Amino acid sequence: GGAALVGAQKPIAIEAEYHVTDPKSGKLARHTSLLLVSGWWGVARHAQYLFELTAAWSWGLLAGVGTHGALPLFYAAFLTVLLVHRAIRDEEKCSLKYGAAYAKYKAMVPYKIVPYVF
């Protein structure tokens, strides 16, 4: 329920309400989630992708582009396209699911993956 500390500080979170249909009863059920605005998720909405991309590009560049050509960069380039597209899809799904709460979250955390860039 948001009681844990983030970086030795009380977390900042947005309570987001959403509705789902109960498969057994067919009735609409109300649920809430916390959208974390503290720690890495206060820097970029998909900060975990930045770490993944940093690792992939590092491996590709360390493999020796000068000696092996562009082939070692294929995985990093593929992963970049995959994760940027996933971030865009995630944004669309979360906007539909959480509505105004997600709009507030996007205003508080304006960057998707790379702070101050994207």
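Up top you'll find the structure we're talking about.
By convention here, each chain's residues receive numbers from 1 onward along its written sequence. The predicted origin of the model limits local features to residues at a pLDDT of at least 70 and limits the giving and counting of side-chain atom pairs to 80 or more, whereas totals for whole chains, interfaces and linings rest on all residues. Note that water and hydrogens are dropped before the side-chain values are worked out from all heavy atoms of the structure.

1. Structural notes on the packing of helix H3 (residues 74–98) against helix H4 (residues 100–108)
Point 1. The N-to-C vectors of H3 and H4 enclose an angle of 130°; their axes lie 6 Å apart at closest approach. Taken together, the axis directions place H3 and H4 in an arrangement best described as oblique. Residue-level inspection shows Glu-91, Cys-94, Ser-95 and Tyr-98 of H3 in contact with H4, the latter providing Ala-100, Ala-101, Tyr-102 and Lys-106.
Point 2. Ten residue types, Ala, Val, Leu, Ile, Met, Phe, Trp, Tyr, Cys and Pro, are classed as nonpolar, four, Asp, Glu, Lys and Arg, as charged, and the remainder, Gly among them, as polar. Split by residue class, the contact of H3 with H4 holds five nonpolar, one polar and two charged. Fitting a line to C-alpha atoms yields each axis, with helices limited to the stretch in contact; the angle taken between N-to-C directions then spans 0 to 180 degrees. Segments assigned H or I by DSSP are reported as helices when at least four residues long, segments assigned E as strands when at least two residues long, and all are numbered from the N terminus. Should an angle fall under 35 degrees it is taken as roughly parallel, and over 145 as roughly antiparallel, whereas 65 to 115 is taken as roughly perpendicular and any remaining angle as oblique. The criterion used for residue contact is that any of the two residues' heavy atoms lie within 4.5 Å.

2. With respect to the pairing of strand S2 (residues 28–36)
Point 1. Bridging between strand S1 (residues 13–21) and S2 involves nine bridges; their strand directions are antiparallel. Bridge pairing in S2 places His-19 opposite Arg-30.
Point 2. Here, any two strands with at least 2 DSSP bridges between them count as paired. Hairpin connection of S1 to S2: six residues between the antiparallel strands, including Gly-26 at a positive phi of 80°.

3. Digging into the nonpolar core
Point 1. Counting ten residues, the largest nonpolar core consists of Ile-14, Ala-16, Tyr-18, Leu-35, Val-37, Tyr-98, Ala-101, Tyr-102, Tyr-105 and Val-109.
Point 2. Among the secondary structure elements, those contributing two or more residues to this core are S1 and H4.
Point 3. Once residues lying within four places of it in the same chain are set aside, the contact partners of Tyr-98 are Ala-16, Glu-17, Tyr-18, Ser-33 and Leu-35.
Point 4. Each nonpolar core is a collection of buried residues, namely Ala, Val, Leu, Ile, Met, Phe, Trp, Tyr and Cys, held together in the definition by side-chain atoms within 4.5 Å. Only protein chains enter the calculation, and the probe is 1.4 Å; a residue is then buried if its accessible area is under 20% of its type maximum, exposed if over 50%, and partly exposed in between. Counting residues in hydrophobic clusters, the runner-up holds eight residues, among them Tyr-49, Ala-76, Leu-79 and Ala-87.

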